[in-house]
Amino acid sequence: MQTVKMVVTGPFSAGKTQFIQSVSEIDVVSTERKISSEEERSVKSSTTVAMDFGRITVDEDLVLYLFGTPGQKRFDFMWEILSEGMLGFIVMVDSTRPETFREARSILETFRAYAPTPFVVAANKQDAEDAWELEDVRHALRLDSKTKLLPCVAIDRNTVKTVLLELLYSILKEMDSGK
Amino acid sequence: MALRGNLRDITMTQLLNLVHLASKTGTLVVDGVSEQAYISFRDGKLAYARVGKDDGSLASVLHKANKISANQYRAIVDRAGQMTDKELGLILINAGYVSQEDILLNLQGYFTDVVRRLFSWVEGIFRFESEMLPPEGRINVRLDLENIIMEGSRQLRELEQLQDEIPSLDMALVFTNRPRTNVNLSVEEWKVVKFVDPKNTMRQIAGANKLNDLEIRKIVYGLLQAGLVEMARPAGAIVQPNPKQFPTKNKEEQKSLINKLIGRIRSM
């Protein structure tokens, strides 16, 4: 059995767990805990403290694992461990919470420093009324025009599939270019 | 229990706070990455400080502050011999070169600067030697630590924010495709800009310019905000082989594996 993995990262409450849940064929193995901080509790009631773990079986010989990182900064020691051996990574950002953009940019730069693997940025909650326009998110995250910034709704399987496919196309393109 | 540890676990600000609250007397010795610092206290007040190769002598402090010329400094070093700083200070005051206030203000400024430099040290082994006092013959001051601690806390917050913006100094800088044209750069920024090259990491640029982590991050942050540069992986960097990434080393098999994944996800 061959296994490969991709990492889904991003700030606290960006929608990483939901993203994996939408495409995983197994119930996501989630290491969630109730939130103690008042400020964070106002956003959601539990959070991932170690990792989320989802699976997509391709055939009897090949399985793709999706790992979601804990979003809170105090668990960032887990990030490098989870990033080891990844095919690529997805940075999730909540389009309705601009206060998290700076952190998303920091996480993106941290993962880029870990490994020279392809990545895409998924702007989640694009269906929400107060979601930022994609181009505005691009500017806020200081992404260059070559970086793929994709609209996403983590509870909508189709948009999640598109994000995963775009990352795989980027991986393929990089292999073709011989990098 | 000996007061010793690593600045990674206890910040310089916390250490100063502890010395201040406990009214400690002694010397804090910090072994940084490339330099060693000595900071002495009497009854919880800053008395003396020196860092690296700087001897913290009165002559060198006054020379750095342009209170005495380079020739005068050399003459003092050559002729003063075993003279203590107190004796030297008296001679300079009597000769009318400096006033007593000049001496005290410059020493206070110098010692405070040394402590400020230590605020940007994030790595370093420290120990507090309660038996160790400032070298004999050096002039001591009595500076309250409260303001220095406040300043250190602000600097620490600034460093944390800059670390969020620029998490790794092992990335390189490249010029953006469309840089703004009306950007005025300071001398320090020019010094960094001239090294902007995909081959140079920010850490190497800092080393070439003798900048510490906080200083290089501050300058790079300004350049990023001005839209002049962006971060990139260093060109020619040795990419660590990652055998776990693909279960096979064969390039064609790797591509076939990715195509299989694409097919599977499309069909979901």
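Above this text you will find the structure in question.
If you're wondering where the values come from, they're calculated on a predicted model, not measured in any experiment.

Draft legend 1. Spatial organisation of unusual backbone geometry. A positive phi is found at Lys125 of chain A, a non-glycine position, where the angle reads about 60°. Of note, Lys125 of chain A is situated in the loop between strand S6 (119–124) and helix H5 (134–140). With 22 C-beta atoms counted inside 10 Å, the residue Lys125 of chain A sits in the buried group. One non-glycine residue, Ser23 of chain B, lies in positive phi territory at about 45°. Tracing the chain through its elements places Ser23 of chain B in the loop between helix H1 (12–21) and strand S2 (26–31).

Draft legend 2. Focus on the environment of Lys173 of chain A. Residues and elements named next belong to chain A. Relative to the elements of secondary structure, Lys173 occurs in helix H6 (residues 157–176). With 11 C-beta atoms packed within 10 Å, Lys173 lands in the exposed category. Measuring from C-alpha to C-alpha, the distance between Lys173 and Pro118 comes to 9.6 Å, with 55 residues separating the pair along the chain.

Draft legend 3. Spotlight on the interface of chain A and chain B. At the junction of the two partners, chain A supplies 27 residues and chain B supplies 27 residues. Of the residues in the side of chain A that touches chain B, the class split is 15 nonpolar, five polar and seven charged.

Draft legend 4. Molecular detail of the packing of H1 of chain B against helix H6 (residues 146–165) of chain B. Residue and element names in this part refer to chain B. Running from amino to carboxyl end, H1 crosses H6 at an angle of 160°, the nearest separation of the two axes being 9 Å. Taken together, H1 and H6 sit at an angle that is classed as roughly antiparallel. Our pair here, H1 against H6, has a crossing hand that is left-handed. Only Ile148, Ile149, Gly152, Ser153 and Leu156 of H6 make contact with H1, whose side of the interface consists of Met12, Thr13, Leu16, Asn17 and His20. For the contact of H1 with H6, a count of residues per class yields five nonpolar, five polar and no charged.

Draft legend 5. Spatial organisation of the nonpolar core. The biggest cluster of nonpolar side chains holds 46 residues, and the ones touching the most others in it are Met6, Ile90, Val91 and Val93 of chain A. Elements with a contribution of two residues or more to this core: strand S1 (2–9), helix H1 (16–23), strand S4 (62–68), strand S5 (88–94), helix H4 (101–114), S6 and H6 of chain A together with helix H10 (251–266) of chain B. Per-element tally for this core: the top contributor is H6 of chain A, with six residues. Aside from chain neighbours lying at most four places away, what touches Val93 of chain A is Gly10, Pro11, Ala14, Thr100, Phe101, Ala104, Val121, Ala123, Asn124, Val137 and Leu141 of chain A. In terms of nonpolar packing, the next biggest core, distinct from the first, is built from 34 residues, Met12, Ala49, Leu62 and Val114 of chain B among them.

Draft legend 6. Expanded view of the sheet that holds strand S3 (residues 36–42) of chain B. Residue and element names in this part refer to chain B. Strands sit in the order S1-S5-S2-S3-S4 across an open sheet of five strands; the sheet is antiparallel. What marks the edges here is a single partner per strand, and that holds for strand S1 (4–6) and strand S4 (45–51). Adjacent strand axes in the sheet meet at a mean angle of 15° when their direction is disregarded. For S2 and S3, the ladder comprises six bridges, and the chain directions are antiparallel. Bridge pairing in S3 links Thr27 to Ser40. Strands S2, S3 and S4 of the sheet are contacted by helix H5 (residues 100–119), whose axis makes an angle of about 70° with S4.

Draft legend 7. Geometry of the pairing of S5 of chain A. Residue and element names in this part refer to chain A. Of all seven residues in S5, seven are buried; the element is thus mostly enclosed. Of the two faces of S5, the one holding Gly88, Ile90, Met92 and Asp94 and the one holding Phe89, Val91 and Val93 are both buried throughout. Sheet topology note: the S1/S5 ladder contains four bridges and is parallel. Counted as the bridge partner of Val8 is Ile90 from S5. Direction of pairing for S5 relative to S6: parallel, over a ladder of six bridges. Looking across to S6, one finds that Asp94 is bridged to Asn124. For the handedness criterion, the β-α-β arrangement of S5, H4 and S6 is classed as right-handed.

Cut-off values and rules
- Per-chain numbering applies: the sequence of each chain, read as written, is numbered from 1 onward.
- Each chain is given a letter, starting from A, and each ligand a number, starting from 1, according to the order in which they appear as written.
- Residue-level local features of this predicted model are given only where pLDDT is at least 70; pairs of side-chain atoms are given and counted only at 80 or more, and the full residue set underlies all totals for whole chains, interfaces and linings.
- Strands are runs of DSSP state E lasting at least 2 residues, helices are runs of H or I lasting at least 4, and numbering of each runs from the N terminus.
- We call a residue exposed when 12 or fewer other C-beta atoms sit within 10 Å of its C-beta, buried when the count reaches 20 or more, and partly exposed for counts in between; the C-beta positions come from the backbone.
- By the criterion used throughout, residues are in contact when their C-beta atoms, derived from the backbone, lie within 7 Å.
- Three classes are used: nonpolar for Ala, Val, Leu, Ile, Met, Phe, Trp, Tyr, Cys and Pro, charged for Asp, Glu, Lys and Arg, and polar for all others, with Gly counted as polar.
- Structural elements are reduced to axes, namely lines fitted to C-alpha atoms, with helices fitted over the stretch in contact, and the angle between N-to-C directions of any two is expressed from 0 to 180 degrees.
- In what follows, roughly perpendicular refers to angles from 65 to 115 degrees, roughly parallel to angles under 35, roughly antiparallel to angles over 145, and oblique to any angle outside these ranges.
- Handedness of a crossing is defined here by the sense of rotation of the near helix relative to the far one, left-handed for an anticlockwise turn of less than a right angle and right-handed for a clockwise turn.
- By definition, a nonpolar core groups buried Ala, Val, Leu, Ile, Met, Phe, Trp, Tyr and Cys residues that are joined through C-beta atoms within 7 Å.
- At least two DSSP bridges between two strands are required for those strands to pair.
- By definition, the crossover connecting two strands over a helix is right-handed if that path, from the first strand to the second, turns clockwise as seen with the strands pointing away from the viewer.

Read these as layout, nothing more, since geometry by itself doesn't imply function.
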